[in-house]
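# A closer look at the structure
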Amino acid sequence: MDFTLFYDIPPHVFISCAALLGCVFGSFYAVCIYRHGAGLSLVWPPSHCPHCQERLRPWELVPVLSWLTLRGRCRHCGKSIHWRYPAVEAVSGGVSALLAWKFGPSVEFCTYFFFCGMLIVASGIDFAEFLLPDVITLGGAALALPAAPLLLGLPWELSLAGGLAGAGMFWLVRALHGLRCGYEGMGLGDVKLMLLLGLLCGVQRLPLLVIVAGVTALAYLLLAAVATRQPAATMRVPFGPFLCAGFLTVVLAGDDIMSWWLALLAS
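Since the structure is predicted, the reported quantities are computational estimates derived from the model, not experimental observations.

### Considerations on the overall build of the protein
Regarding its fold elements, the protein presents 9 helices and 0 strands. Each helix and strand of the protein, ordered N terminal to C terminal, gives the series α-α-α-α-α-α-α-α-α. The buried share among the 267 residues of the protein stands at 41%. Considering only residue pairs separated by 6 or more positions, the protein has 69% of its internal contacts joining residues 24 or more positions apart. Here the protein has roughly 14800 Å² of accessible surface; of this, 70% comes from carbon and sulfur atoms.

Here it is as structure tokens:
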């Protein structure tokens, strides 16, 4: 695809358009998350209220704004519409804007936009169900295998090493935890997700990804424990969303962070 036609677009315009596009796709991501848990088809029935089943009109489907205008309630039955819908739309729009800021109109932007959409859906499902669907993790890995070297310019040996190292490391942690404690402390879905993320980011950036995921997951656990007044040791935390957050951090600022860290060690 020839992106030279878009080079004259001012950066702030492209970023704004990307954010809008991300919000629109976010509506679809939110539907995927909800319908996966409900066991419903993605194509039928059309968008509707989950309570009264009334079909939603186009003006009720404007990302974020419709939910705010309707004050989070269905116009027909008055029951609450879950905040996950505008949240997913906003997250998708924000991620898209950040990718547009980092990569501009390019193959890299389109590629990361596609995979980040998959990761947003996977994260939402993991938060809701503690489950990472194979169609996303393994299906995404199958697509990432050619996409990383052909579209992202990542040497195939680094990509393959990243996928194998990421999945292998998490499988080993899972196995050792099971041997020691007698139960699985990590789902197999996280292992498959690391295969996908490792293929996309390469082996050299895996440590940063895991560190960011661990730190953000720990922060979330502590905040959730304070908010719910439950012991942190008894709470379950889905790790998939934090692995995805680590991946996004690596994509947007991984090289800068690594350069800063190496300079700090050398000083």
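### Brief notes about the environment of L208
Its place among the elements puts L208 in helix α8 (residues 206–228). Each C-alpha atom of the pair L208 and T249 lies 8.6 Å from the other, and the pair is 41 residues apart in sequence. Dropping the residues within four chain positions of it, L208 is found in contact with V250, G254, I257 and M258.

### Details of the pattern of salt bridges
A complete count under the given rule lists 1 salt bridge for this structure. Put simply, D134 and K192 hold a salt bridge, and the shortest N to O gap is 2.8 Å. You can see D134 sitting in helix α5 (residues 134–151) and its partner K192 sitting in helix α7 (residues 188–201), a full 58 residues away along the chain.

### Some points on the packing of aromatic side chains
Tallying each qualifying case throughout the model produces 13 aromatic pairs. Residues F25 and F113 carry aromatic rings whose centres are separated by 5.3 Å and whose planes lie at 90 degrees to one another, so their mutual orientation is edge-to-face. With F25 in helix α1 (residues 11–38) and F113 in helix α4 (residues 107–129), this pair connects stretches of sequence that are 88 residues apart. Residue F25 is classed as partly exposed on the basis of its relative accessible area, which comes to 35%. Overall, F113 belongs to the buried group, its relative accessible area being 13%. Of the aromatic side chains, those joined through ring pairs into one cluster are F14, F25, F28, Y29, F109 and F113.

### What to know about helix α3 (residues 84–103)
Helix length check: α3 (20 residues) gives 28 Å between terminal C-alpha atoms against 28 Å at 1.5 Å per residue, within 8%. Listed as buried for α3 are Y85, P86, V88, E89, S92, G93, V95, S96, A97, L99 and A100. Where α3 ends, the next residue or the one after it, G104, has phi of about 65 degrees, a positive value.

### Things to note about the nonpolar core
Judged by nonpolar contacts, the single largest core of 56 residues is most densely connected at L99, L193, L196, L197, L209, L243 and F247. Those elements that provide at least two residues to this core are α1, α3, α4, α5, α6 (156–181), α7, α8 and α9 (240–266). For this core, the element with the most residues is α4, which contributes 11 residues. Setting aside chain neighbours within four positions, we find L197 in contact with L119, L209, L243, C244 and F247.

### A closer look at a nonpolar patch on the surface
A cluster of nonpolar side chains, W171, L172, L176, L179 and L188, forms an exposed patch at the surface whose accessible area comes to about 550 Å². It is α6 that provides the largest number of residues to the nonpolar patch, a total of 4 residues. Tracing the backbone through its elements, the reader meets L179 in helix α6. Accessibility expressed as a relative area gives 72% for L179, which makes it exposed.

### A word on the packing of α3 against α4
Contact geometry for α3 and α4: axes closest at 10 Å, N-to-C directions at 155 degrees. Considered as vectors, α3 and α4 are oriented roughly antiparallel to each other. In the packing of α3 onto α4, the handedness of the crossing is right-handed. Touching V88, V91, S92, V95, S96, L99, A100 and F103 of α3 are E108, F109, Y112, F113, C116 and I120, all from α4. Looking at side-chain class alone, the contact of α3 with α4 contains 11 nonpolar, 2 polar and 1 charged residues.

### Digging into the side chain of S96
Tracing the chain through its elements places S96 in helix α3. For S96, a relative accessible area of 1% corresponds to the buried category. A distance of 2.6 Å separates a polar side-chain atom of S96 from the backbone oxygen of A18. Aside from chain neighbours lying at most four places away, what touches S96 is A18, A19, G22, F109 and F113.

Parameters and conventions
- Residues numbered from 1 in each chain as written.
- Predicted model: local features only at pLDDT ≥ 70, side-chain atom pairs only at ≥ 80, totals over all residues.
- Heavy atoms only, no water.
- Helix = DSSP H or I, 4+ residues; strand = E, 2+ residues; numbered from the N terminus.
- Buried < 20%, exposed > 50% of the residue type's maximum accessible area, 1.4 Å probe, protein only.
- Contact = heavy atoms within 4.5 Å.
- Areas by Shrake-Rupley, 256 points an atom, 1.4 Å probe, with all protein chains shown as cover.
- Salt bridge = Lys/Arg side-chain N within 4 Å of Asp/Glu carboxyl O.
- Phe/Tyr/Trp six-rings, centres within 6.5 Å; stacked < 30°, edge-to-face > 60°.
- Expected span 1.5 Å × (residues − 1).
- Core = buried A, V, L, I, M, F, W, Y, C linked by side-chain atoms within 4.5 Å.
- Patch = residues over 30% accessible without salt bridge, like charges linked within 9 Å, V, L, I, M, F, W, Y side chains within 5 Å.
- Axes fitted to C-alpha atoms, helices over the stretch in contact; angles between N-to-C directions.
- Parallel < 35°, antiparallel > 145°, perpendicular 65-115°, else oblique.
- Left-handed = near helix turned anticlockwise from the far one by under 90°.
- Nonpolar A, V, L, I, M, F, W, Y, C, P; charged D, E, K, R; others polar.
- Polar contact = N/O pair within 3.5 Å; in protein donor to acceptor, adjacent residues only side chain to side chain.

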